[in-house]
Amino acid sequence: MTILITGGAGFIGSHFIRHVLNTYPEDRVVDFDKLTYAGNLDNLRDVEEKVAQEGKRDSPRYVFVQGDIADEAMIREVMAREKVEAVVNFAAETHVDRSIHDPRPFLEANVLGVGVLLAVAREFGAKRFVQVSTDEVYGSISEGYCTETAALNPANPYSACKAGAEHLVLSFAHTYGLEVAITRGSNTFGPHQHPEKFIPRTVTRLLAGKTVPVYGYGLNIRTWLAVEDHAAAIDAVLRSGQNGEVYNIAGAVEKPNIEVALSIAYLLGKPPRLIEFVEDRPGHDFRYGVDAGKISRELGWMPERSFEDELQETVRWYTENPWWWQKIIGEGKVEYL
Ligand SMILES: NC(=O)c1ccc[n+]([C@@H]2O[C@H](COP(=O)([O-])OP(=O)(O)OC[C@H]3O[C@@H](n4cnc5c(N)ncnc54)[C@H](O)[C@@H]3O)[C@@H](O)[C@H]2O)c1
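Computed from a predicted structure; not experimentally measured.

Visitor: I'd like to hear about the overall build of the chain, residue by residue, with values.
Guide: Helix and strand counts for the chain come out as 12 helices and 12 strands. Rg of the C-alpha trace for the chain: 19 Å, near the compact-globule value of 20 Å for 337 residues, within the 12% margin. Along the first, second and third principal axes, the C-alpha set of the chain runs to 55 × 45 × 40 Å. Taking all contacts inside the chain whose residues are at least 6 apart in sequence as the whole, residues at least 24 apart take part in 83%.

So this is what it looks like as structure tokens:
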């Protein structure tokens, strides 16, 4: 199968590409990414080298194309040239803080871009369209767990745009019969995550001997999902998910942010006093909670990695690969809080 993976140069998309190429020798991947400040081809260096060694010049298993999912002509050209059979859409603006400062790029990529991608996928008769969405579309819940039938209640421009995209995706299934599925993953972490996000920001700032700002009193709760587990879950939905269905994906552990920050300081041997509380962000969702029973019952997916092991591995990776994150910070591509 030839899969168009949009946003594949980002954090989760790059792990997904590696997962597909390592698991399915017959599959080909076309990585279509705009390379915004968050896109990074360093995430896929090993993949490029491996594919170059395979030497399949006419039909390499990995192809990269730089482009915008809202650029209809370009998507059409790539779908035709590469004979794409399935689309998995990771491409999005993803940082909630940025969406609060300026929602427009979020509307363009996360809503308009998805609409364009769907229209072209339909035109080319794609066999499958997977939209990678987020548990944030349910909004904050103080207790309990949302199943896939819960009402959507997004509370910031990022999650509102992701919810809007979901409605578009389902409308294409209903109106045109496009084969679609949606995943709603929880907070994801692991190597290659941009240093503006909570866990990498905490690790890299502590490594650099800086203080770590934590919103409010760090009591906001997130359910943490290892990136390899997230990639495997999306793959299960791509291959075996039911048409028109939504699947929650959650890690096994929920924790307040302050506990995660303190665990990282402990792993790095840094004093807890480096963690500083700062004024909370507007509309900060207190807790997300999703029930991932459906994907486990129907598709047999379960998270395999423990939070503690994955956190240790993530801290090790950032410690051993300063070239990766120092380059990003050095390029000034990130407002490094
Ligand atoms: N990180 C998480 O915790 C998490 C959790 C659940 C769901 N998600 C969803 O997973 C997806 C990937 O998240 P991530 O954390 O890997 O994000 P990321 O910010 O690391 O990567 C996003 C990628 O999309 C690309 N991109 C942005 N706009 C584009 C456009 N218009 N056209 C083409 N490419 C574009 C960027 O260049 C980048 O490579 C997103 O859709 C996000 O909403 C993320």
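Visitor: A description of the pairing of strand β5 (residues 128–134) should follow, citing residues and the corresponding values.
Guide: Counting buried residues along β5, seven of its seven residues qualify, which places the element largely inside the surrounding structure. Neither face of β5 is open: one carries Arg128, Val130, Val132 and Thr134, the other Phe129, Gln131 and Ser133, and all of them are buried. Of the strand pairs in this sheet, strand β4 (residues 86–89) and β5 are connected by four bridges, and their pairing is parallel. Bridge pairing in β5 places asparagine 89 opposite glutamine 131. As judged from the six bridges shared by β5 and strand β6 (residues 180–185), these two strands associate in the parallel manner. Bridge pairing links serine 133 to arginine 184 in β6. For the segment spanning β5, helix α6 (residues 157–176) and β6, crossover handedness is right-handed.

Visitor: Describe the sheet that holds strand β2 (residues 28–33), naming the residues involved and giving the relevant values.
Guide: The sheet built from seven strands is open, its strands ordered β3-β2-β1-β4-β5-β6-β10 with parallel pairing. This sheet does not close on itself; its edge strands, each paired only once, are β3 (62–66) and β10 (245–249). Here the strands of the sheet are splayed against their neighbours by 20° on average, with no regard to which way each runs. Here five bridges tie β2 to β3, and the two strands are oriented parallel to one another. Looking at β3, one finds that valine 29 is bridged to tyrosine 62. The strands touched by α6 are β5 and β6; relative to β5, the strand with the most contacts, the crossing angle is about 155°.

Visitor: Report on the nonpolar core, specifying residues and quantitative values.
Guide: Leu4, Ile5, Phe16, Val88, Phe129 and Ile234 are the most contacted members of the largest nonpolar core, which totals 86 residues. What leucine 4 contacts, discounting residues up to four positions off in sequence, is Val30, Phe32, Val78, Met79, Val84 and Val87.

Visitor: Let's hear about α6: which residues, and what values?
Guide: Compared with the 28 Å implied by 1.5 Å per residue over 20 residues, the 28 Å span of α6 between its first and last C-alpha is a close match. Looking at α6, one finds that the buried residues are Pro157, Tyr158, Ser159, Ala160, Cys161, Lys162, Ala163, Gly164, Ala165, Glu166, Val169 and Phe172. Each element contacted by the buried residues of α6 is listed here: α4 (96–101), α5 (104–123), β5 and β6. Count one or two residues on from α6 and you reach glycine 177, which has phi positive near 75°.

Visitor: Can you lay out the site of the ligand for me, pointing to particular residues and giving the numbers?
Guide: Neighbouring the ligand are 30 residues, the closest being Gly7, Gly10, Phe11, Gly39 and Ala92. Contributions of two or more residues to the shell around the ligand are made by α1 (11–23), α5 and β5. Among the elements that make up the shell around the ligand, the one with the highest residue count is α1 (three residues).

Conventions used here
Residues numbered from 1 in each chain as written. Predicted model: local features only at pLDDT ≥ 70, side-chain atom pairs only at ≥ 80, totals over all residues. Helix = DSSP H or I, 4+ residues; strand = E, 2+ residues; numbered from the N terminus. Rg over C-alpha atoms; globule rule 2.2 N^0.38 Å. Contact = placed C-beta atoms within 7 Å. Buried ≥ 20, exposed ≤ 12 C-beta atoms within 10 Å, placed from the backbone. Pairing = 2+ DSSP bridges. Right-handed = clockwise from strand over helix to strand, strands pointing away. Axes fitted to C-alpha atoms, helices over the stretch in contact; angles between N-to-C directions. Core = buried A, V, L, I, M, F, W, Y, C linked by C-beta atoms within 7 Å. Expected span 1.5 Å × (residues − 1). Near = placed C-beta within 6 Å.

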